Amino acid sequence: MIRMICAISLAAAAIASADDALRAALETNYNAWRDSMVRRDAAAWQRVTAEHRRMEIRNRIVSERRAFPAAVFELPAPPPPLAGLKFLEASQNGPTAKASYFGKIDFGVGGAPSNNLLVLSFVRGAGGWLCDRADFVNLSALPEVRKELAAGNLKYLKETPEAQPSGVVPPTPLAARPAKHIAKVYVFCPGREVQVQVNKISRHRFANAKEAEIVIGGALDGSNEVQFTTRKLDGATGKEALAIRVYLMSEVPGVKPIKAFEYQVQENGAVKPFGTSNFVVDAATVGKLSGK
């Protein structure tokens, strides 16, 4: 019995030591990543950021016709420090890991921060852990969750897939060419999942949403292809309205976006499960975008 108790104690100590080591490694990487953002150090940012995330950010920036890597650091607020936050847990699943914190998350923009949740995501690189993303979760609409986390109850984290490492590292996207024309996909899809692909490069997924996303690679001169699929979500009636649009965005102040593509169905209308169409960017369209 004594030997069994000792074995259990040693195993628990080993687990605790491994957890502490994981937390320390993740926090070291996050602090280095945050420091690179604050100092606007592009070389350091490249070293401490996950490869797929670097390429995703680079593609989005060049698709907005902004300068890379300078635009990486054009944030409304710096990443929050971990100092003063309550550490909740660090967990690993293969080459992925997450660390969660609770407290008054301060973005340095003034006001009195309230108690909320910060979830940091990492992937393992050749030299150790690399920062993937930092997700701020506003708990103002979840007062019971806020109380649970304040008391050290991690039920919300355990039951929320986004708060747990998936074990899968996203593939690194191909490098997109700088956009010739800025474009955005807009989708209104209550009760449905909609996937849109533009020019076989820019892929988008929307679920029960009213959102817009930048088209990676932008719109091209000449013909542009739009493919979409739709799927009814559980609990939906299948009679909800739907809108899928692609807008061309002008860089000239005061010039409104141009609606280049639209698939729209009114409430109670029949929605296609999939479709393929094209829109054309011609000289007349370019003239409108330039304000002529």
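Before reading further, recall that the structure is shown in the block above.
So, how was this worked out
Residues numbered from 1 in each chain as written. Predicted model: local features only at pLDDT ≥ 70, side-chain atom pairs only at ≥ 80, totals over all residues. Heavy atoms only, no water. Helix = DSSP H or I, 4+ residues; strand = E, 2+ residues; numbered from the N terminus. Buried < 20%, exposed > 50% of the residue type's maximum accessible area, 1.4 Å probe, protein only. Areas by Shrake-Rupley, 256 points an atom, 1.4 Å probe, with all protein chains shown as cover. Lys, Arg positive; Asp, Glu negative; His and termini not counted. Charge placed at Lys NZ, Arg CZ, Asp CG, Glu CD. Pairing = 2+ DSSP bridges. Axes fitted to C-alpha atoms, helices over the stretch in contact; angles between N-to-C directions. Phe/Tyr/Trp six-rings, centres within 6.5 Å; stacked < 30°, edge-to-face > 60°. Lys NZ or Arg CZ within 6 Å of the ring centre and 35° of its normal. Contact = heavy atoms within 4.5 Å.

K.L.:
Whenever I open this one, the overall build of the chain confuses me. Can you help?
P.N.:
Looking only at helices and strands, the chain has six helices and 12 strands in total. Each of the three principal axes of the chain carries a C-alpha extent, and together these read 85 × 50 × 40 Å. Residues counted as buried form 39% of the 292 residues belonging to the chain. Total accessible area on the chain is roughly 16200 Å²; 56% of this is exposed by carbon and sulfur atoms. Side-chain charges in the chain split into 38 positive and 28 negative, and the spacing between the mean points of these groups amounts to 3 Å.

K.L.:
I would appreciate a short explanation of unusual backbone geometry in the present structure.
P.N.:
Glycine aside, the phi torsion of most residues is negative, and most peptide linkages are trans. Here the bond from Phe-68 into Pro-69 is cis, since omega is 10°, no more than 30 degrees from zero. Inspection of the secondary structure puts Pro-69 in the loop between α3 (51-63) and β1 (86-93). Although it is not a glycine, Arg-40 adopts a positive phi angle of roughly 55°. One non-glycine residue, Asn-199, adopts positive backbone phi at about 55°. Relative to the helices and strands, Asn-199 is located in the loop between β6 (192-198) and β7 (202-207). With relative accessibility at 15%, the residue Asn-199 sits in the buried group.

K.L.:
Teacher, can you tell me more about the sheet that holds β7 here?
P.N.:
Pairing between the strands of a sheet is mediated by backbone hydrogen bonds and can be parallel or antiparallel. Strand order in the open sheet formed by four strands is β7-β6-β9-β12, and the pairing between neighbours is antiparallel. With partners counted over all chains shown, the strands left at the sheet margins are β7 and β12 (274-281), one partner each. Recorded for the sheet is a direction-independent mean angle of 20° between the axes of neighbouring strands. When β6 meets β7, the two strands line up antiparallel, connected through six bridges. Across the sheet, Gln-195 pairs through a bridge with Arg-205, a residue of β7.

K.L.:
Quick question: what am I supposed to make of the packing of aromatic side chains here?
P.N.:
What characterises a pair of aromatic rings is the spacing of the ring centres plus the angle enclosed by the ring planes. According to the stated counting rule, one finds five aromatic pairs in the structure shown. Judged by centre distance (5.7 Å) and plane angle (35°), the rings of Tyr-30 and Trp-33 are tilted. With Tyr-30 and Trp-33 both in helix α1 (residues 2-39) and three residues apart, the pair spans about one turn of that helix. Of the two residues examined, Tyr-30 and Trp-33, each falls in the buried class. One residue, Arg-23, lies across the ring of Phe-87, its end atom 4.1 Å from the ring centre.

K.L.:
Looking at this structure, I do not really get the environment of Tyr-186. What am I missing?
P.N.:
Within the secondary structure layout, Tyr-186 lies in strand β5 (residues 182-188). Of the residues examined, Tyr-186 reaches a relative accessible area of 17% and is grouped as buried. Expressed as a C-alpha distance, the spacing of Tyr-186 and Phe-206, which sit 20 residues apart in the sequence, is 9.5 Å. In this structure Tyr-186 touches Lys-210, Glu-211, Ala-212, Ala-243, Ile-244, Arg-245 and Tyr-247, once residues within four positions along its chain are discounted.

K.L.:
Explain the environment of Glu-148 here, please?
P.N.:
By the secondary structure assignment, Glu-148 is in helix α4 (residues 143-150). For Glu-148, a relative accessible area of 25% puts it in the partly exposed group. Ignoring anything within four residues of it in the chain, the contact list for Glu-148 reads Asn-153, Lys-155 and Tyr-156.

K.L.:
Explain the sheet that holds strand β3 (residues 115-125) to me, please; I cannot follow it from the model alone.
P.N.:
What the four strands build is an open sheet, ordered β1-β2-β3-β4; its pairing is antiparallel. Here the strands that pair on one side only, and so sit at the sheet edges, are β1 and β4 (128-137). Within the sheet, the average angular offset between the axes of one strand and its neighbour, ignoring direction, is 20°.

Everything listed is a geometric property; what it means functionally is a separate question.
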